[in-house]
Amino acid sequence: MFTSNFFSNLPRNLSSFFRSLIIKNQRRFLAFTTSKKRRDRYAKSLGFTLLEVLVVMIMVGILSAIAAPSWLGFVNNQRINASQTKIFQAIKVAQSDSKIRSSNNTNRVRIILTTGQTTNAYQIDNVRTGAGLQSLEPGVRITSITSGGSITPAVAPTPLASPFTLQFDSRGLVYDPSSQLTYPICINLSVDNSPRIRWIAIRTLLGAIVTGSDGSCINPV
């Protein structure tokens, strides 16, 4: 190290500068002014051992394993909710445009629903904006489309053929001239790798729409 004579031979301002510099950087200063063996000891203390790195990696792995299912459940919930909203809004738009445009047999507003598809799961035609093929959120599908059913007496709903065409007349009512449909008309959704379900139900001929997240549209929880 520098002796006191070294500092005494310097101007006062330089002497003060070097003294403060050495004090602030004492550890680094010692590493470069001592023997090689001591320098190696200081250098080793600045890194991480293999054991420390392994412990951190194991902890990160455990936390990831705990958090991953919760995150996946949250993502699936958001996706199926967004898809439910898409179909609900499509039906509302179809009803509204049917009234505004006074639709008839040649330009009746319709929604074509296809089961088992994420891409091009439904199509809306003869509306002012947003017409054409529409996709649901990734992994979300229309599981089934059913008609009727009741709790008491216990009557199972009737599956409707896919693709199913839902049409609306000039009053915004479901177009069913042959009276073949029985209410409620249920559109059931599911998401891949998850038990979560959602449904949209047209309850009456007047077009009242409800949505749900549990049970079924004829027996909501």
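Residues numbered from 1 in each chain as written. Predicted model: local features only at pLDDT ≥ 70, side-chain atom pairs only at ≥ 80, totals over all residues. Heavy atoms only, no water.

Chemist: I'd like to hear about the sheet that holds strand β5 (residues 158-159), residue by residue, with values.
Modeler: Read across the sheet, five strands follow the order β5-β4-β7-β8-β9 without closing on themselves; strand pairing throughout is antiparallel. Bordering the open sheet on either side are β5 and β9 (209-212), each of which pairs with just one other strand. In the sheet, strand β7 (residues 185-191) pairs with strand β8 (residues 197-202) via six bridges, with the strands oriented antiparallel. Looking across to β8, one finds that C186 is bridged to A201. On the sheet, helix α5 (residues 50-101) packs against β4 (140-147), β7, β8 and β9 and is oriented at approximately 10° with respect to β8. (Pairing = 2+ DSSP bridges. Helix = DSSP H or I, 4+ residues; strand = E, 2+ residues; numbered from the N terminus. Contact = heavy atoms within 4.5 Å. Axes fitted to C-alpha atoms, helices over the stretch in contact; angles between N-to-C directions.)

Chemist: Could you give an account of the sheet that holds strand β3 (residues 132-134), with specific residues and numbers?
Modeler: Read from one edge to the other, the open sheet built from four strands follows the order β3-β2-β1-β6, with strand pairing classed as antiparallel. At either end of the open sheet lies a strand with only one pairing partner, and these are β3 and β6 (164-168). This sheet shows a mean twist of 20° between the axes of neighbouring strands, independent of strand direction. Its contacts with the sheet put α5 on β1 (109-113), β2 (122-125) and β6, and the angle it makes with β1 is roughly 155°.

Chemist: I'd like a rundown of the pairing of β8, residues and numbers included.
Modeler: Among the six residues that make up β8, five are buried, leaving the element largely enclosed by the rest of the structure. In sequence, β7 turns back onto β8 through a hairpin of five residues, with N193 there showing a positive phi of about 60°. In the sheet, β8 pairs with β9 via four bridges, with the strands oriented antiparallel. Within the sheet, the bridge partner assigned to I202 lies in β9 and is I209. (Buried < 20%, exposed > 50% of the residue type's maximum accessible area, 1.4 Å probe, protein only.)

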